[in-house]
Amino acid sequence: MAQHIYEGSYTTENGDTIVVFLIGMRINKRLAVKKWLPVFNAMPGMIKELYTNKEKLGFLSMESYFGLRTTVMIQYWRSTEDLLAYAKGEKHLKAWKNFNKKVRNNEAVGIYHETYEVKVANYESIYRNMPVYGLGKAMKHIPITPEHLSAKQRLNRDLKATNG
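Here the residue index of a chain counts from 1 through its sequence in written order. Restriction of local features to residues with pLDDT of at least 70 applies here, the model being predicted, together with a cutoff of 80 or more for giving and counting side-chain atom pairs; totals for whole chains, interfaces and linings are based on all residues. Excluding hydrogens and water, the side-chain values take into account all heavy atoms of the structure.

Turning next to the packing of aromatic side chains. Two rings from Phe, Tyr or Trp (for Trp, the six-membered ring) form a pair when their centres are within 6.5 Å of each other. A pair whose planes differ by under 30 degrees is stacked, one over 60 is edge-to-face, and the rest are tilted. This model, assessed by the stated rule, comprises five aromatic pairs. With 5.5 Å between their ring centres and 70° between their planes, Y6 and Y10 make a pair best called edge-to-face. On the basis of relative accessible area, Y6 is assigned to the partly exposed category, the value being 29%. Here Y10 falls in the buried class, since its relative accessible area comes to 15%. Judged by centre distance (5.8 Å) and plane angle (40°), the rings of W77 and Y86 are tilted. Residue exposure (1.4 Å probe, protein chains only): buried if accessible area is under 20% of the type maximum, exposed if over 50%, otherwise partly exposed.

As a further point, take the environment of K54. Examined against the element boundaries, K54 turns out to sit in helix α2 (residues 54–57). Distance from K54 to I18, taken between C-alpha atoms, is 14 Å for residues 36 residues apart in sequence. Once residues lying within four places of it in the same chain are set aside, the contact partners of K54 are F59 and L60. Only 2.9 Å separates the side chain of K54 from the backbone oxygen of L60, close enough to count as a polar contact. Comment: elements are numbered from the N terminus, with helices defined as DSSP H or I runs of at least four residues and strands as E runs of at least two. Only heavy atoms enter the contact rule, under which two residues are in contact if any of them lie within 4.5 Å. For the purposes of these results, a polar contact is taken to be a pair of N or O atoms within 3.5 Å, where, inside protein, one atom must be able to donate a hydrogen and its partner to accept one; residues adjacent in sequence count only when each atom of the pair is a side-chain atom.

Once that is clear, we can look at the pattern of salt bridges. Criterion for a salt bridge: a side-chain nitrogen of Lys or Arg within 4 Å of a carboxyl oxygen of Asp or Glu. Overall, the coordinates contain six salt bridges when judged by the stated rule. Its salt-bridge partner being K29, residue E107 comes within 3.9 Å of it at the nearest N-O pair. Here E107, found in the loop between α4 (90–103) and β5 (109–118), pairs with K29, found in the loop between β2 (18–27) and α1 (33–52); they are 78 residues apart in sequence, far enough to count as distant. With relative accessibility at 43%, the residue K29 sits in the partly exposed group. The residue E124 makes a salt bridge to R154 at a minimum N-O spacing of 2.6 Å. Placement of E124 in the loop between β5 and β6 (127–130) and of R154 in helix α6 (residues 151–155) is noted, with a sequence separation of 30 residues between them. When its relative accessible area of 29% is taken as the criterion, E124 is described as partly exposed. Overall, R154 belongs to the buried group, its relative accessible area being 4%. Connected through shared salt-bridge partners, E55, R78 and D82 make up one network.

Turning our eyes to something else, we now look at the confidence of the model for the protein. Across the protein, the average pLDDT comes to 89, with 93% of residues at or above 70. Scored between 0 and 100, pLDDT is the confidence that the predictor attaches to each residue. Ranking the elements of the protein by mean pLDDT puts helix α7 (residues 159–163) last with 52 and strand β4 (residues 70–77) first with 97.

In structure tokens form, the structure reads like this:
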């Protein structure tokens, strides 16, 4: 299904603190499929849960990238507290315990995550002739107006207050 392309220039509101969470895995030994596949297969159920319960969990949106060895998901969360609460939830804990049981001490697969809390007005975005994407899916996607043409203007303004 083709995504709608928003012609012109768009940005996002930056009036809320957000959390950007990067999570992924690296296949260190490609032929050891039985050792890395369980890690890979743990994610679809959690992703479904996140999208099904977005508001309740504080999950905003995500993008996924798959390379030859490394995957990464860029997730946007309402708060660090929401992200940490999800990490202690049933589905995530089950996947984490399963991972530790099966592959904790093998070199076939690695996992990683990074968490960034980004304060109000300390992020900006621009999308030109793009579908709604990335932070634009997580926050309100708005046309760029003369008040926020430059990155400096977008960083120094509470776009939620000026457009909302």
